[in-house]
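Residues per chain, in single letters:
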Amino acid sequence: MSAGVLVAGVGNVFLGDDGFGVECVRRLAAGPLPPGVEVADIGVRGVHLAYQLLDGYRTLILVDAVGRGSPPGTLHLIEPETGPVEPSATPALDGHRMGPDAVLALLSALSAGTGGSPPRRILVVGCEPDSLEEGMGLSAPVTAAVEEAVRLVRRLLDEETTAGPPVTATAGSGRRGGESATGSQRSGRERSEREASSC
């Protein structure tokens with residue numbers, strides 16, 4: 001029987017900020033996790049992830065670099081119900097970079113073809129990249145966003161494993177009007193869109 005919640009870090013560590021998801025789950029896995037939570041460093045194995053998700057997970061939290069036109073280091077929490085995670089991207093099976101949209105499109109096809117059960121809830125914790133050029137290491141704004149992303153994932157896990165208040169996500173069809181703040185603009189209140197920069 002699979003864990004109830006899977007947190008999957010996706011990305012290519014050899015393409016700069018595309019390694020964001022991998023670094024986030026590495027730090028997340030170093031600390032305690034609620035019962036029923038599994039954390040996986042998927043890297044570029046998006047096809048493997050899509051097949052794994054047919055095993056009966058209740059919730060998927062996908063962590064990856066996501067381009068939505070915001071300043072580098074901006075965090076996005078997206079519930080991709082009605083449209084793409086990255087509005088300008090075309091989902092593609094790519095051995096070097098398989099983004100959230102490609103993973104979810106493949107999952108949908110596999111579910112229809114095999115009768116498997118995809119997760120009932122899917123959330124994407126994305127970070128606006130600064131550079132996806134060849135090279136290892138995250139840019140400064142994306143590095144600064146990692147710890148905030150880990151805290152956000154932990155809040156989501158608390159929500160999924162307890163009766164805590166829900167954390168609101170944007171729809172996958174696009175960014176709605178809401179806050180997108182730099183660190184100097186941040187306040188302590190909950191953001192309705194849950195988009196915040198860690199710069």
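These notes cover the structure that comes with them. Within every chain, residues take consecutive numbers counted from 1 along the sequence as written. Side-chain atom pairs in this predicted model are given and counted only at pLDDT of 80 or more, local residue features only at pLDDT of at least 70, and totals for whole chains, interfaces and linings cover all residues. Here the side-chain values reflect all heavy atoms present in the structure, with hydrogen atoms and water set aside.

What to know about the overall build of the protein chain
Helix and strand assignments come from DSSP, with helices taken as H or I runs of at least 4 residues and strands as E runs of at least 2, each series counted from the N terminus. Looking only at helices and strands, one finds four helices and seven strands in the protein chain. Put simply, the protein chain has 199 residues, and 52% of those count as buried. Residue burial considers only the protein chains on display, and all accessible areas are found by Shrake-Rupley using a 1.4 Å probe. Of the roughly 8800 Å² of accessible surface on the protein chain, 54% is carried by carbon and sulfur atoms. Each residue's exposure class comes from its accessible area (1.4 Å probe, protein chains only) as a fraction of the maximum for that residue type: buried when under 20%, exposed when over 50%, partly exposed otherwise.

Let's talk about the nonpolar core
Take the buried residues of types Ala, Val, Leu, Ile, Met, Phe, Trp, Tyr and Cys, join any two whose side-chain atoms come within 4.5 Å, and each joined set is a nonpolar core. In this structure, Val 7, Phe 20, Ile 61, Val 63, Val 125 and Val 153 are the most contacted members of the largest nonpolar core, which totals 23 residues. If you list the elements that add at least two residues to this core, you get strand S1 (5–10), helix H1 (20–29), strand S3 (59–65), strand S4 (74–79), strand S5 (121–127) and helix H4 (140–161). Looking at this core element by element, the count peaks at nine residues for H4. Those residues in contact with Val 63, other than ones at most four positions away along the chain, are Val 7, Ala 8, Gly 9, Val 10, Phe 20, Gly 21, Cys 24, Val 125 and Val 153. Counting residues in hydrophobic clusters, the runner-up holds 22 residues, among them Tyr 57, Leu 60, Leu 62 and Ile 122. We call two residues in contact whenever any of their non-hydrogen atoms come within 4.5 Å of each other.

Comments concerning the packing of H1 against H4
Closest axis-to-axis distance for the H1/H4 pair is 9 Å, and the angle between their directions is 55°. In terms of orientation, H1 lies oblique with respect to H4. H1 and H4 meet at a crossing whose hand is right-handed. Residues Phe 20, Glu 23, Cys 24, Arg 27 and Leu 28 of H1 touch H4, and the partners they reach there are Val 142, Ala 145, Val 146, Glu 147, Ala 149, Val 150, Val 153 and Arg 154. Under this scheme, a helix contributes an axis fitted over its contacting stretch, all axes are lines through C-alpha atoms, and angles between N-to-C directions fall in the 0 to 180 degree range. Angles below 35 degrees are treated as roughly parallel, those above 145 as roughly antiparallel, those between 65 and 115 as roughly perpendicular, and all remaining angles as oblique. Handedness of a crossing follows from how the near helix is turned relative to the far one, being left-handed for an anticlockwise turn of less than a right angle and right-handed for a clockwise one.

Here's the deal with the pattern of salt bridges
Definition used for salt bridges: Asp or Glu carboxyl oxygen within 4 Å of a side-chain nitrogen of Lys or Arg. One pass over the structure, following the stated rule, counts six salt bridges. Salt-bridge contacts for Glu 159 lead to Arg 121; the nearest nitrogen and oxygen are separated by 2.6 Å. One end of the pair, Glu 159, is in helix H4; the other, Arg 121, is in strand S5, and 38 residues separate them in sequence. When its relative accessible area of 11% is taken as the criterion, Glu 159 is described as buried. Where Glu 160 meets Arg 121, a salt bridge forms, and the shortest distance between an N and an O atom there is 2.6 Å. Taken as a pair, Glu 160 in helix H4 and Arg 121 in strand S5 lie far apart in primary sequence, 39 residues in all. As far as burial versus exposure is concerned, Glu 160 and Arg 121 are alike and both buried. When salt bridges that share partners are traced, they join Glu 23, Arg 26, Arg 27 and Glu 147 into one network.

Thoughts on the side chain of Gln 52
Within the fold, Gln 52 resides in helix H2 (residues 46–52). Residue class for Gln 52 comes out buried when judged on its relative accessible area of 14%. A 3.5 Å cut-off defines polar contacts: any pair of N or O atoms within that distance qualifies, except that in protein one atom must be a possible hydrogen donor and the other a possible acceptor, and neighbouring residues in sequence count only when both atoms are side-chain atoms. A polar side-chain atom of Gln 52 sits 3.3 Å from a polar atom in the side chain of Glu 38. Separated by 3.0 Å, the side chains of Gln 52 and Tyr 57 make a polar contact. In contact with Gln 52, other than residues within four places in its own chain, are Leu 6, Glu 38, Ile 42 and Tyr 57.

Regarding the state of the cysteines
To count as a disulfide, a pair of cysteine sulfur atoms needs to be within 2.5 Å. Applying the stated criterion to the full structure yields zero disulfides. This cysteine, Cys 24, is not joined by any disulfide, and Cys 127 carries the nearest cysteine sulfur, 7.5 Å off. Judged by its relative accessible area of 4%, Cys 24 falls in the buried class.

Some points on the pairing of S3
Of all the seven residues making up S3, seven are buried; the element is thus mostly covered by neighbouring parts of the structure. With burial as the criterion, each face of S3 is covered, one bearing Thr 59, Ile 61, Val 63 and Ala 65 and the other bearing Leu 60, Leu 62 and Asp 64. Paired strands, as defined in this entry, are two strands with at least two bridges between them according to DSSP. Relative to S3, S1 is paired through five bridges, and the arrangement is parallel. Of the residues in S3, the one forming a bridge with Gly 9 is Val 63. Relative to S5, S3 is paired through seven bridges, and the arrangement is parallel. The partner of Asp 64 across the bridge, within S5, is Gly 126.

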